[in-house]
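Each chain, letter by letter, is given below.
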Amino acid sequence: MSTTEENTDRLGLEYLHIIQDQGQDDATVCKASCKNDPRCNSWTYVDPGVQNATYGLCWLKSAKNIGTTCSFCTSGYKLTPTKSEMSLSETDRDRFGHEFFQTQFMNGETESDCEALCQKNGLCGSWTFVEAGLQGPYPRCWLKSAGNESTETCDMCTAGKKVPNLIATPPVANTLRIGHPYNTINNSSENACLLACQNDNKCMSWNLNTNNQCTLNITVNESQISQGDSSGYKVEKRILNTRLAAGENHTCFVQKDNTIKCWGDNDAGQLGNNTTTDSTIPVSVNNLNNAYQVAASKNHSCAVLRDGTVSCWGKNANKQLGNGTSTDSLTPVAVNTVSNAIQVATADKFSCALLGSAEVTIDNITTTETGVINCWGAFPIPNNRNSWPSADPSNMAYAELVNVKKIAIGSALSNGHICALKQSGTVTCLGKTAAAGPTDPINFRNNIATVSGLTNAIDIATSDLVSCAIEAGQSSQSNTVNCWGYIDSSNVLTSPIVMAGLDGAVRLSVSGNNQNSNRVCATLYDGTIKCSAYGKGDYSVAGASNDVDVANTLNGACALQSFNDVQCWDELPVSTDPTAPKTTSPVKVIF
C-alpha cells in the first residue's frame, strides 16, 4: 500500500462503502479494508459527520484513479495492483452485459487502451472497445464485471476478457453469508449459483436458499449456521486452501459440513477417531465440526479451524501436536497460543502454521507483519542463526520469512526444512534443503536462501527429499513445474529443473521418503492429473477429470474433484519398460 495521503480524495469507481463502527473511525481501518480486498485498488476515508454518518465512512474503489484536494478526506492506493492474465483481443466482437463503467475516448486512443483499463480495474472481467461513429463521434470503452460470451460479429467492436484470479471454494451446506447482496437469481441450483458468482468479478460470495434463490454478494462476509441453505465464497486462485491431505499412509478430507474424515494407517491415532485401529473406509475425526483446512504427515494430522486456531492429533513424541506435552493423542487437541492461522503444514517431527498476521521482533524491532510462519515440535537446525527456541509454538523472526502466502515443510535425514511461497512470487527455504546449500547431498548448510529462477510461483509442495513449485506462464496452459532436491538416485539439484510432461499445472503434490519413491503429481488447468516418478515415467491418471486438487500418499494418491467427490488410486512399482502401466484406475471414496 502507498503511504497515507492526508487531505486527499481519490475520485470515482467506488464499488463499496463501509460505515465504520465507534472506535474504528480512522483511516487505518479503511486502508486495511482495501488491502485485504483483491479487487480494491484505492480508498478514501471521510471524517465522521461529513456524509451523514456518525462515525467515519470508508469508500473502496476498483481503480487507482487520480487524487484531488479534500480537507475532510484521507486516501491511499495499492502500489502493485493485482494483475490478471488477459485473453487475446477479439476483433469484430462484442461481449454483452454487466457493464459497470464506460468512458469516452479521444480520437487516437485504441482498443489496447481499453484493455489496459480493464487490466488495471479490480472489478473488470471483460471489455469492449467501440470505434468512433457507432456510439457518437468518439471511440468508447466499456468495462464489464463478468466475462460473458462474445456475440455475433460487431464490425466496429473489439473485445477481450480476463482470466479470473479468484476462484470459488466448494459449497458449504447449512450456512449463509450475510450482507452486501447486489443480485438475486430465481430458480437456481447450487452449481449454477456457484458458477454465477465465479463468472462475475463483482461477486465475492453467494447464497442459495431453500426456495432455490441465488443471491450474489459483493463481499466475502462472515458465515452463520442456516439449515437448508448453502453458500460459498471466493479466494485467490493461487492459494485455495487444501481440503484434501495425505500423509505417508493415511488421507484426510474436510467435508462440506466442515467436519473431517480420515482413512488408512492409525497406529498413533492419526485418524483422530479415538482408536489405533487402521481403517480402509473414512472415519470421522472426533469433536471437529468447524474445520477449514487439513494437513497430514507420517503419524499425525492437523487442521485449521474457522476461528483461526489449530488442532492436531496422533503421534506427539516430539511435541508436534503443539499442546505442551509429548503424549500421543487419539483425538484432536488445541495447539497452544496459535491464532489467526490460514494454513497448517505437517512433517514427521514438527508442524507449522501460516498466520494471516502476527507481531514479530526482527532485528530488535517489533512490528506486526503479514504472512508469518509459526512452528512447533522438533526442528533440528543446530547453528546459532537458525536455532530452535523451544518445542512450543514460536514465530519465525526472519525478515526473509514474512509476507508469505503458502508454506510446505519436510524432514529429510533427521533434519527439517521449510519452504515459503512469498506474495512476491519468489520461494525462500530455511533448513536442510538442497536449495540452501552446495551439491553435497548430505551436508546441506543450515541457512535461508531464495530458490533461483522462480519469480512468479503460484504453488509449492515438498516431501522429505524433493521440493517443487509451479511457475506461472502467460496462461495456465504454459505454467511449468520446477523441482529441486533428490530428483532421482543420481541427481541432487540445488537449482530447479523443469519437469517435462507437467506443463499446465495449477496445483501440486509431492511424495517420497527415499530416492526411488519420489513422485510429483499435478492437477492441470483442464482438470486432468499427470504424475512424474522421480523425473521419469511421466503418465496421465486414467479416468481423472474435473479435478481441483491432488494429494500423494507414499504408494498412492487421491484427487478432489469439483463439488466434493474424492477419487483415489494405487501407485504400482515403476517398470523399466516405459510402456508398462504405472497406476491402477481411480475409485470413488464413499463417505
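Rules used throughout
Residues numbered from 1 in each chain as written. Predicted model: local features only at pLDDT ≥ 70, side-chain atom pairs only at ≥ 80, totals over all residues. Heavy atoms only, no water. Disulfide = S-S within 2.5 Å. Helix = DSSP H or I, 4+ residues; strand = E, 2+ residues; numbered from the N terminus. Buried < 20%, exposed > 50% of the residue type's maximum accessible area, 1.4 Å probe, protein only. Core = buried A, V, L, I, M, F, W, Y, C linked by side-chain atoms within 4.5 Å. Contact = heavy atoms within 4.5 Å. Pairing = 2+ DSSP bridges.

All told, the structure shown has 15 disulfides when counted by the stated rule. Each sulfur in the disulfide pair cysteine 352 and cysteine 375 lies 2.1 Å from the other. What sets the handedness of the cysteine 352 and cysteine 375 disulfide is the S-S torsion sign, and at about 105 degrees it is right-handed. In this pair, cysteine 352 is assigned in strand E26 (residues 350-362) and cysteine 375 in strand E27 (residues 365-377), connecting sequence segments 23 residues apart. Here cysteine 352 falls in the buried class, since its relative accessible area comes to 0%. At a sulfur-sulfur separation of 2.0 Å, the disulfide partner of cysteine 468 is cysteine 483. Linking cysteine 468 and cysteine 483, the disulfide has an S-S dihedral of approximately 110 degrees and is accordingly described as right-handed. Of the two residues, cysteine 468 sits in strand E34 (residues 466-471) while cysteine 483 sits in strand E35 (residues 480-488), which places them 15 residues apart along the sequence. Relative accessible area serves as the criterion here: at 0%, cysteine 483 is assigned to the buried category.

Turning our eyes to something else, we now look at unusual backbone geometry. The residue asparagine 274 is not glycine, and still its phi comes out positive at about 70 degrees. In this structure, asparagine 364 is a non-glycine residue whose phi angle is positive, near 70 degrees. Here asparagine 364 shows up in the loop between E26 and E27. Under the relative-accessibility criterion, asparagine 364 is labelled exposed at 78%.

Membership of the largest hydrophobic core comes to 19 residues, with the highest contact counts inside it found for Val310, Cys312, Val338, Ala341, Val344, Ala353 and Trp376. Those elements that provide at least two residues to this core are strand E22 (300-305), strand E23 (310-314), strand E25 (341-346), E26 and E27. Examining the composition of this core, we find that five residues originate from one element, E26, more than from any other. In this view, alanine 341 contacts Val304, Gly308, Val310, Ala353, Leu354 and Leu355; residues no more than four positions away in its chain are not counted. By size, the runner-up hydrophobic cluster in this structure holds 18 residues, among which are Phe350, Cys352, Leu401 and Ala420.

Among the six residues of E34, six are classified as buried, and the element is accordingly described as predominantly covered. Here E34 shows no split at all, with Val466, Cys468 and Ile470 on one side and Ser467, Ala469 and Glu471 on the other all buried. Sheet topology places strand E33 (residues 457-462) next to E34; five bridges connect them, and they run antiparallel. Within E34, the position partnered with threonine 462 by the bridge is serine 467. In this antiparallel pair of consecutive strands, E33 and E34, the connection spans three residues.

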